[in-house]
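Topology and contacts: notes
Spelled out, the chains give:
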Protein chains: 2
Amino acid sequence: MANRPREIDTLIDMMARLPGLGPRSARRAVLHLVKKRAVLLLPLAEAMQRVAATVRECPRCGNIATAEICEICADPDRATGELCVVEDVSDLWAMERGGAFKGRYHVLGGTLSALDSIGPEELRIPDLSARVREEGITEVILALNATVDGQTTAHYIADELSGTGVRLTSLAQGVPIGGELDYLDDGTISAALKARKGF
Amino acid sequence: MANRPREIDTLIDMMARLPGLGPRSARRAVLHLVKKRAVLLLPLAEAMQRVAATVRECPRCGNIATAEICEICADPDRATGELCVVEDVSDLWAMERGGAFKGRYHVLGGTLSALDSIGPEELRIPDLSARVREEGITEVILALNATVDGQTTAHYIADELSGTGVRLTSLAQGVPIGGELDYLDDGTISAALKARKGF
């Protein structure tokens, strides 16, 4: 915009490229930052540069790490023989918030997608078979999203690993805890009915 | 969270303090930044530091500026004798997007509020009378928000300026362009009816 300092316009444009922020919320955020220069703007810029300088991808599992390998791969207590395959680091964080899984992860970095020409080589799929053999994995949990691409990827990985003899499982499908039937889609209700269990 | 690098947690906490972002969207934004380190994370950190180093408040009008005074105060074409009083820089930006106002601004930096103990001295109100006298202002347009605090502040300023002989106006109230009557609140419809004009 005319009559707005160029530095401010540049910052607004960049903030608007973050997921969840549009031009309007980017303007609000930048104005907030300018008003909180000492307590938010400068510390945020420093935190970003520290992340840029220290954070890298764990070469073993694809998680983000600050050391040679990530904290989960480095923790001997997590060598349970269980390996949880997720699409993205955000899914790994979601699993960790759940707190129920005590094994290690394998972050694919996406899903197979013919449309975006993402094949197994673009993901971390070739490494997976090697990990299963080398790390004494007994169970691979396919915790991929319940989308078409996610399930296609899960089936591809199941095929790839079928010769290794490893146990393959996936997350249960059903009614979310606290979920109301009236708000659930038909597919979830059907899946929950099929997988019904003794009370 | 355990098993997440401390640097990442710090950045997520700071991002979550921006207006419009919560913990969940802050996590998404940070993960996006980590993936776009070269094209977004580093340039964003630099843009923030540049803003922190260069952007300041215009001592005359309260707009944000990079020079001694802001671009609008420095532009001789905008010495029209009209002065538009707004609450915040975001309102100044909104007026400028409208593009209809050719004069200068006076940014109060908030509204009078007994609850938050914000009096005239906390805002830029004492400076306003001085500007009206010294800059040959002929009309003061009170473009304050149509909230209780905004209108209280407008009345206070009108009282303050009553002795100067300057013309005082406020923005028209009525139906927004493209607005549907059915979605408007009763107060706006009443105001639009009272201010009806020949067709």
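Residues numbered from 1 in each chain as written. Chains lettered and ligands numbered in written order. Predicted model: local features only at pLDDT ≥ 70, side-chain atom pairs only at ≥ 80, totals over all residues. Heavy atoms only, no water.

1. Things to note about unusual backbone geometry
So the rule is basically this: Each helix is a run of DSSP H or I of at least 4 residues and each strand a run of E of at least 2, with the numbering of both proceeding from the N terminus.
Of note, the phi angle at A:Ser117 is positive, near 45°, even though the residue is not glycine. Looking at the element boundaries, A:Ser117 is found in the loop between β4 (104-107) and α6 (125-134).

2. A word on the sheet that holds strand β5 (residues 139-142) of chain B
Residue and element names in this part refer to chain B. The following threshold applies: Two strands qualify as a pair provided DSSP detects at least 2 bridges between them. The angle between two axes is taken between their N-to-C directions and runs from 0 to 180 degrees, where each axis is a line fitted to C-alpha atoms and a helix contributes only its stretch in contact.
The 4 strands are arranged β4-β3-β5-β6 in an open sheet whose pairing can be described as parallel. Lying at the two open borders of the sheet, with one neighbouring strand each, are β4 (104-107) and β6 (167-170). Pairs of neighbouring strands in the sheet enclose a mean axial angle of 25°, with direction left out of account. The pairing of β5 with β6 spans 4 bridges and is classified as parallel. Of the residues in β6, the one forming a bridge with isoleucine 141 is threonine 169.

3. Details of the domain arrangement of chain A
Operational definition: These domain boundaries are the output of an automatic or database domain assignment.
We note that the domain assignment places domain 1 (6-54) and domain 2 (64-170) within chain A. A C-alpha centroid distance of 33 Å is found between domain 1 of chain A and domain 2 of chain A.

4. Points about the relation of the copies chain A and chain B
What counts here: Superposition of the copies used a least-squares fit over C-alpha atoms from residues whose pLDDT is at least 70 in both.
You can overlay chain A on chain B at an RMSD of 0.1 Å; the transform is a turn of 180° with a shift of 0.0 Å along its axis. On this basis, the relationship between the two copies can be described by a two-fold rotation axis. Using C-alpha coordinates, one finds that chain A approaches the rotation axis most closely at A:Ala45, a distance of 2.3 Å.

5. Describing the sheet that holds strand β6 (residues 167-170) of chain A
What links the strands of a sheet is backbone hydrogen bonding, and the strands pair in either a parallel or an antiparallel sense. Residue and element names in this part refer to chain A. Applied cut-off: For this analysis, residues touch if any pair of their heavy atoms sits within 4.5 Å.
Pairing in this open sheet of 4 strands is parallel, and the strands run β4-β3-β5-β6 from one edge to the other. Of all the strands in the sheet, the pair left with one neighbour each is β4 and β6. Strand-to-strand twist of the sheet, defined as the mean angle between neighbouring strand axes without regard to direction, takes the value 25°. Across the sheet, α6 touches β3 (82-86), β4 and β5 (139-142), and the angle it forms with β4 is around 160°. Helix-sheet contacts for helix α7 (residues 148-161) involve β3, β5 and β6, and the interaxial angle to β5 is about 165°.

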